[in-house]
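The chain contents come next:
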Amino acid sequence: MSLELSGLQGHAPIGFMAAVGLLRIAPAGTRLAWHPATQVAELHGIDRDALLAHLLRHMAGRANAPELQLADDVRKFSVSAFRAAYDMAPEPVASWVRAWWREDGGKDGNAAPTDLCLTGGPQRMIKMARELAADLNPARKKGADKRVQAKFEEALFGPWRYEDNCASWGWDPVTLRMGAFTSDAPTSMKKEGVAGAYWLAWESLPMFPCVPGKGTLGFEFHPRAWTWATWATPLDVHAVAALLRQPKEAQALGGRRYRSGIVFAGQFQYLEPASVV
C-alpha cells in the first residue's frame, strides 16, 4: 500500500521536514520514501482515510503537551534550566529537549538553541507552536474537525494555497519577504502560510537533535546552511533516524542530497531554495 503525498516535496526544506515529522508521529509500521524522479513523498503502510483520522486524534489537546510548557522560546534558556528539564523529562519529552538545546556553545550562561531557530525579534519559537497547535485542535469548537482535516489535506496532497495566518519559523523559502521588495515593512504584513504543513514540520524537530560540540544535525557553518538527504527505499522512523546521521548512504538507497543556505531579512532568517549537493 503506497500513498502519494503530492504536497510534500523532498527538494524543499519545508516539504522534507513535514514528511519526516509526519513519519515520526504516524502509526507504527508506517514507512516513508521519495519518488526518485519527482522527489514527492510516498507513505507506505497506511491509507488516506486512516492517516487523516490519526492526525485528528494526534492534534486533540496537542497544545497542552508537556514539552510545549517548558518555555516560550529556545533563546535565552539557561544551562541550569536545560539540565533540570533534561533530568526530569521522560521520553518523548527528553527528545524535544535534545532537539531544542545543547549545553555547550551558548552565551551568558545560556544553553545553545537549535540552529533551526531562525526566528527573531518578538517571535517566540515554542509559543508559536503552542498557538498553532491550539488552532489545529479538532475539538476546539463545533465543526473544527472538518477545518483541521482540510488543513492537513492541503499540506499532504496540495496545492498549498498560503491562506493561513501563521509563520513557518523560517523553514519555508516561499515565505521570505525582503523589505526592499515589499510595499510595507515585512513585520507589519499579514502572514501567509500553510498551517498543516508547518505543524508537521514542527513535529520533525526531535529527528534533528543538537549534537554537543557541533550543532544541530545536518547544519554546516562556513557558510551557514542546512543539508538533508532523501531516499527511494521505504524506511520506518528508526531507519530514517539512522540515515539522517549518515546522509552519504542516501545515494545507495536511490536518494539525493540537498543544501539550503540561510539568508537574513531584517531580524529574521529564512532557509533559501535548495540546491543538489
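Residues numbered from 1 in each chain as written. Predicted model: local features only at pLDDT ≥ 70, side-chain atom pairs only at ≥ 80, totals over all residues. Heavy atoms only, no water.

A. Structural view of the nonpolar core. Residues Leu5, Trp100, Leu156, Trp171, Trp199, Trp202 and Leu205 are the most contacted members of the largest nonpolar core, which totals 85 residues. No other element matches the nine residues that helix 1 (residues 13-25) contributes to this core. Each residue touching Leu156, except ones within four places of it in the same chain, is listed here: Leu5, Ser6, Gly7, Leu8, Leu22, Leu51, Leu52, Leu55 and Leu200. (Core = buried A, V, L, I, M, F, W, Y, C linked by side-chain atoms within 4.5 Å. Buried < 20%, exposed > 50% of the residue type's maximum accessible area, 1.4 Å probe, protein only. Helix = DSSP H or I, 4+ residues; strand = E, 2+ residues; numbered from the N terminus. Contact = heavy atoms within 4.5 Å.)

B. Region of the structure containing the pattern of salt bridges. A full pass over the atoms with the stated rule returns 15 salt bridges. Arg98 is the salt-bridge partner of Glu91, the closest N and O atoms lying 2.9 Å from each other. In this structure, Arg161 engages Glu154 in a salt bridge whose closest nitrogen and oxygen atoms are separated by 3.5 Å. The class of Arg161 is partly exposed, set by a relative accessible area of 44%. Under the relative-accessibility criterion, Glu154 is labelled buried at 4%. Among the charged side chains, a salt-bridge network with shared partners connects Arg24, Arg62, Glu67 and Glu203. (Salt bridge = Lys/Arg side-chain N within 4 Å of Asp/Glu carboxyl O.)

C. Representation of the packing of aromatic side chains. Tallied over the entire structure, the rule returns 20 aromatic pairs. Here Phe16 and Trp228 contribute two aromatic rings whose centre-to-centre distance is 5.9 Å and whose plane-to-plane angle is 25°, an arrangement assigned as stacked. Linking Phe16 in helix 1 with Trp228 in strand 9 (residues 224-229), this pair joins segments that are 212 residues apart in sequence. The exposure class of Phe16 is buried, given its relative accessible area of 0%. Judged by centre distance (3.9 Å) and plane angle (15°), the ring pair of Phe77 and Trp101 falls under stacked. One end of the pair, Phe77, is in the loop between helix 2 (48-59) and helix 3 (79-88); the other, Trp101, is in strand 4 (residues 101-102), and 24 residues separate them in sequence. An aromatic cluster of three or more residues is present, and its members are Phe77, Trp96, Trp100, Trp101, Trp169, Trp171, Trp199 and Trp202. (Phe/Tyr/Trp six-rings, centres within 6.5 Å; stacked < 30°, edge-to-face > 60°.)

D. Representation of the environment of Met125 within the structure. Within the element layout of this structure, Met125 appears in helix 5 (residues 125-135). Among the residues examined, Met125 registers a relative accessible area of 0% and is labelled buried. Along the backbone, Met125 and Val277 are 152 residues apart, and their C-alpha atoms lie at a distance of 29 Å.

E. Region of interest: the packing of helix 6 (residues 144-157) against helix 7 (residues 195-202). Where helix 6 meets helix 7, the closest approach of the two axes is 7 Å, and the angle between their N-to-C directions is 75°. As far as their axial angle goes, helix 7 and helix 6 are roughly perpendicular. On helix 7, the residues touching Lys151, Phe152, Ala155 and Leu156 of helix 6 are Gly196, Ala197, Trp199 and Leu200. Within the contact of helix 6 with helix 7, the residues separate by chemical class into six nonpolar, one polar and one charged. (Axes fitted to C-alpha atoms, helices over the stretch in contact; angles between N-to-C directions. Parallel < 35°, antiparallel > 145°, perpendicular 65-115°, else oblique. Nonpolar A, V, L, I, M, F, W, Y, C, P; charged D, E, K, R; others polar.)

F. Structural context of the pairing of strand 10 (residues 257-265). Bridge analysis of strand 9 against strand 10 gives five bridges, and the strand direction is antiparallel. Among the inter-strand pairings, Ala229 is bridged to a residue of strand 10, identified as Arg257. In this sheet, strand 12 (residues 275-276) lies alongside strand 10 in antiparallel orientation, the contact comprising two bridges. In the strand pairing of strand 12, Arg259 is matched with Ser275. The antiparallel hairpin formed by strand 10 and strand 11 (residues 268-271) contains two residues in its connecting segment, where Gly266 sits at a positive phi of about 70°. (Pairing = 2+ DSSP bridges.)

G. Structural context of the sheet that holds strand 1 (residues 2-9). In spatial order, the strands read 1-3-2; together these three strands make up an open sheet with antiparallel pairing. Each edge of the open sheet is held by one strand with a lone partner, namely strand 1 and strand 2 (31-34). Averaged over all pairs of adjacent strands, the angle between their axes in this sheet comes to 30°, without regard to strand direction. The sheet contact formed by strand 2 and strand 3 (residues 40-44) spans four bridges and is antiparallel. For Trp34, the partnering residue across the bridge sits in strand 3 and is Ala41. Set on the sheet, helix 1 makes contact with strand 1, strand 2 and strand 3; between it and strand 2 the angle comes to about 160°.

H. Seen up close, the packing of helix 1 against helix 7. Interhelical geometry of helix 1 versus helix 7 gives an angle of 65° and a closest axis separation of 6 Å. With respect to their mutual orientation, helix 1 and helix 7 come out roughly perpendicular. For the pair helix 1 and helix 7, the sense of crossing is left-handed. Contacts from Ile14, Met17, Ala18, Gly21, Leu22 and Ile25 in helix 1 reach Ala197, Tyr198, Leu200 and Ala201 in helix 7. (Left-handed = near helix turned anticlockwise from the far one by under 90°.)

I. Inspection of helix 5 at higher detail. Three or more residues of helix 5 are buried, namely Met125, Ile126, Met128, Ala129, Arg130, Leu132 and Ala133. Close packing links the buried residues of helix 5 with helix 2, helix 4 (93-100), strand 4 and helix 7.

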